[in-house]
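Chain residues, written in single-letter form:
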Amino acid sequence: MVRVPLTPEERLRGERFGALLRQARGERSMVEVAAAAGLSAETLRKIETGRAPTPAFFTVAALADALGLSLDELAAACAESPQAAELRQAG
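Parameters at a glance
Residues numbered from 1 in each chain as written. Predicted model: local features only at pLDDT ≥ 70, side-chain atom pairs only at ≥ 80, totals over all residues. Heavy atoms only, no water. Patch = residues over 30% accessible without salt bridge, like charges linked within 9 Å, V, L, I, M, F, W, Y side chains within 5 Å. Areas by Shrake-Rupley, 256 points an atom, 1.4 Å probe, with all protein chains shown as cover. Salt bridge = Lys/Arg side-chain N within 4 Å of Asp/Glu carboxyl O. Helix = DSSP H or I, 4+ residues; strand = E, 2+ residues; numbered from the N terminus. Buried < 20%, exposed > 50% of the residue type's maximum accessible area, 1.4 Å probe, protein only. Expected span 1.5 Å × (residues − 1). Phe/Tyr/Trp six-rings, centres within 6.5 Å; stacked < 30°, edge-to-face > 60°. Core = buried A, V, L, I, M, F, W, Y, C linked by side-chain atoms within 4.5 Å. Contact = heavy atoms within 4.5 Å. Axes fitted to C-alpha atoms, helices over the stretch in contact; angles between N-to-C directions. Parallel < 35°, antiparallel > 145°, perpendicular 65-115°, else oblique. Nonpolar A, V, L, I, M, F, W, Y, C, P; charged D, E, K, R; others polar.

Q: It is not clear to me how a nonpolar patch on the surface should be interpreted in this structure. Could you clarify?
A: There is a patch of nonpolar side chains on the surface, built from Phe57, Phe58 and Leu71 and spanning about 360 Å² of accessible area. Looking at the secondary structure, you find Leu71 in helix 5 (residues 71-79). The class for Leu71 is partly exposed, based on a relative accessible area of 36%.

As structure tokens, then:
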């Protein structure tokens, strides 16, 4: 099976998702959050840095649970444009 290349928007969405996870993780270590979500620290590192911009649903759900985030909150934050995100944070 051949994987279709990601679009620029999909890459940006992955970067937004990673930034949101880093922000939600706060002072907790990557190892601590990864263990709570049942992932390796390397997997979390790849997601946070955008190198794995399209993680599986159950990975996203496990991270949301470990970080106390709702899936709706994650979806909304990752779906909005960078400009809308800037406006939301400024206001």
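Q: Help me understand helix 1 (residues 8-25) in this model?
A: The periodicity of an α-helix, 3.6 residues per turn, causes residues three or four positions apart to be oriented the same way. Taking 1.5 Å of rise per residue, the 18 residues of helix 1 would be expected to cover 26 Å, and the 26 Å separating its terminal C-alpha atoms lies within 8% of that figure. When we look at burial in helix 1, the residues that qualify are Gly14, Arg16, Phe17, Gly18, Leu20, Leu21 and Arg25. One or two steps after helix 1, the chain reaches Gly26, where phi turns positive at roughly 55°.

Q: How should the packing of aromatic side chains be read in this particular structure?
A: Given two aromatic rings, their pairing is described by the distance between the two centres and the angle made by the two planes. Scanning all chains against the criterion turns up one aromatic pair. Centroid distance Phe57 to Phe58: 5.2 Å. Interplanar angle 75°. Geometry classified as edge-to-face. Residues Phe57 and Phe58 agree in their burial class; the two are exposed.

Q: Where do I start with the nonpolar core in this structure?
A: In summary, soluble globular proteins display a tendency toward joint burial of nonpolar side chains. By size, the foremost hydrophobic cluster in this structure holds 19 residues, and its most contacted members are Phe17, Leu21, Leu44, Leu63 and Leu74. Those elements that place two or more of their residues in this core are helix 1, helix 2 (30-37), helix 3 (41-49), helix 4 (57-67) and helix 5. Per element, the largest residue contribution to this core is five residues, and it comes from helix 4. If we ignore the near neighbours within four places in the chain, the residues touching Leu44 are Leu21, Arg25, Met30, Val33, Ala34 and Leu63.

Q: Would you mind showing me how to read the packing of helix 2 against helix 3 here?
A: To characterise two packed helices, one gives the angle between the axes of the helices and the distance between these axes. Contact pair helix 2 / helix 3: the axes reach a minimum separation of 8 Å and the direction vectors enclose 105°. On the basis of their axis angle, the class for helix 2 and helix 3 is roughly perpendicular. Two secondary-structure elements touch here, helix 2 through Met30, Val31, Val33 and Ala34 and helix 3 through Ala41, Leu44, Arg45 and Glu48. Here the contact of helix 2 with helix 3 is composed, by residue class, of six nonpolar, no polar and two charged.

By themselves these figures say nothing about function.
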